[in-house]
Amino acid sequence: MSMKKSWKDKMWIITIVYFSIGLFNIMFAWFGMICFLAPMLMSIFGKDKAFCNSYCGRGQLFTLLGHDRRLSLNKELPSFLKSKWFRYGFLLFFMVMFVNMLFTTWAVFSGSGNLNESLKLLWTFDLPWRWANRAGESFPLWTVQFAYGFYSLMLTSLIIGLLSMLIFKPRSWCVYCPIGTATQMICKIREGERL
Ligand code: SF4
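Model, not experiment: these values are computed from the prediction.

What follows concerns the pattern of salt bridges. Between side chains of opposite charge, a pair can form as their charged atoms come close. Taken as a whole and assessed by the stated rule, the structure comprises five salt bridges. One salt bridge connects glutamate 117 with arginine 130, and the closest N-O pair in it is separated by 3.1 Å. With glutamate 117 in the loop between helix H6 (84–110) and strand S1 (118–121) and arginine 130 in the loop between strand S2 (125–128) and helix H7 (141–167), this residue pair connects regions lying 13 residues apart in the sequence. By relative accessible area, which is 61% here, arginine 130 ends up exposed. Overlapping salt bridges, with partners in common, bring together Glu76, Lys82 and Lys169 in one network.

What follows is the structure, given as structure tokens:
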């Protein structure tokens, strides 16, 4: 029996479009804020894990590549990666990196730092990506810096997620995804459960 597909099952296309366009025009990185804020707002307003279950294109992409296309080795995720301490620690690490990115943006805004037109991959490797800056004179420099920083963060998490998908089960990234951990945390706090 074939299950009827809805537009919600095609969110993986948006993920591919987002990452592809961002490589050519960095300002599109701003749209990624939707994937960042929507799950938080949904869990705050009682939709629990609705974003993960129905709207996350990244999760769908991992299922599509790892499960449907059989690109995953399907190995079991090491238990330490599933542990509460690793998941919360990874969330904390991501938040620190996000705040660091905001500081860099602030430095450009205040004039104390220069625009860095590169993608920082895995928080370590600076990949010059000047040609994706098509903002011209139309946008303030800090918005361009934010776009570079945010896109770098998104791309880094995609790379880790893809590697997890290839080696472990297709949706392994979802076990320790900072957004997933944060929404789960919000739901638990809302329902008065222990973290
Ligand atoms: S855990 Fe992260 S990647 Fe997985 S579905 Fe949720 S938001 Fe998407």
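Moving on, we get to the packing of helix H1 (residues 11–24) against H7. A packed helix pair is summarised by two numbers, namely the angle formed by the two axes and the spacing between the axes. Interaxial distance between H1 and H7 falls to 11 Å at its minimum, and their mutual angle equals 135°. Taken together, the axes of H1 and H7 lie oblique to each other. The interaxial crossing formed by H1 with H7 has left-handed handedness. Across from Tyr18, Phe19, Gly22 and Leu23 in H1, the residues of H7 making contact are Phe150, Tyr151, Met154, Leu155 and Leu158.

The subject of this paragraph is the site of the ligand. Taken together, Cys52, Cys56, Arg58, Arg171, Trp173, Cys174, Cys177, Ile179 and Gly180 are the residues near the ligand. Broken down by secondary-structure element, the contributors of at least two residues to the shell around the ligand are helix H8 (173–176) and helix H9 (178–190).

Glancing now at helix H2 (residues 33–44). The end-to-end C-alpha distance of H2, which contains 12 residues, comes to 16 Å, matching closely the 16 Å that a straight helix rising 1.5 Å per residue would cover. Within the sequence span of H2, burial applies to Met33, Pro39, Met40, Met42 and Ser43. One or two steps after H2, the chain reaches glycine 46, where phi turns positive at roughly 85°.

Examined against the element boundaries, tryptophan 106 turns out to sit in helix H6. Note: C-alpha distance between tryptophan 106 and tryptophan 7 (99 residues apart in sequence) is 38 Å.

Counting residues in each nonpolar core, the largest one holds 40 residues, and the members touching the most others are Ile26, Leu119, Phe150, Tyr151 and Trp173. If you list the elements that add at least two residues to this core, you get H1, H2, H6, S1, H7, H8 and H9. Counting residues per element, this core draws most heavily on H7, at 12 residues. Excluding residues that lie within four positions of it along the chain, isoleucine 26 makes contacts with Leu119, Ala132, Asn133, Val144, Ala147, Tyr148 and Tyr151.

Position of threonine 63 relative to the elements: it lies in helix H4 (residues 57–68). Measuring from C-alpha to C-alpha, the distance between threonine 63 and asparagine 133 comes to 32 Å, with 70 residues separating the pair along the chain. Not counting chain neighbours up to four residues away, the residues in contact with threonine 63 comprise Asp68, Pro170 and Arg171.

Moving on, we come to the packing of H6 against H7. At a closest axis distance of 7 Å, the pairing of H6 and H7 adopts a crossing angle of 160°. The pairing of H6 with H7 is recorded here as roughly antiparallel in orientation. The handedness of the crossing between H6 and H7 is right-handed. Where H6 approaches H7, its residues Phe90, Phe94, Met97, Phe98, Met101, Leu102, Thr104, Thr105, Val108 and Phe109 are matched on the opposing element by Leu141, Trp142, Gln145, Phe146, Gly149, Phe150, Leu153, Ser157 and Ile160.

The rules behind the values
- Residues numbered from 1 in each chain as written.
- Predicted model: local features only at pLDDT ≥ 70, side-chain atom pairs only at ≥ 80, totals over all residues.
- Heavy atoms only, no water.
- Salt bridge = Lys/Arg side-chain N within 4 Å of Asp/Glu carboxyl O.
- Helix = DSSP H or I, 4+ residues; strand = E, 2+ residues; numbered from the N terminus.
- Buried < 20%, exposed > 50% of the residue type's maximum accessible area, 1.4 Å probe, protein only.
- Axes fitted to C-alpha atoms, helices over the stretch in contact; angles between N-to-C directions.
- Parallel < 35°, antiparallel > 145°, perpendicular 65-115°, else oblique.
- Left-handed = near helix turned anticlockwise from the far one by under 90°.
- Contact = heavy atoms within 4.5 Å.
- Near = heavy atom within 4 Å.
- Expected span 1.5 Å × (residues − 1).
- Core = buried A, V, L, I, M, F, W, Y, C linked by side-chain atoms within 4.5 Å.

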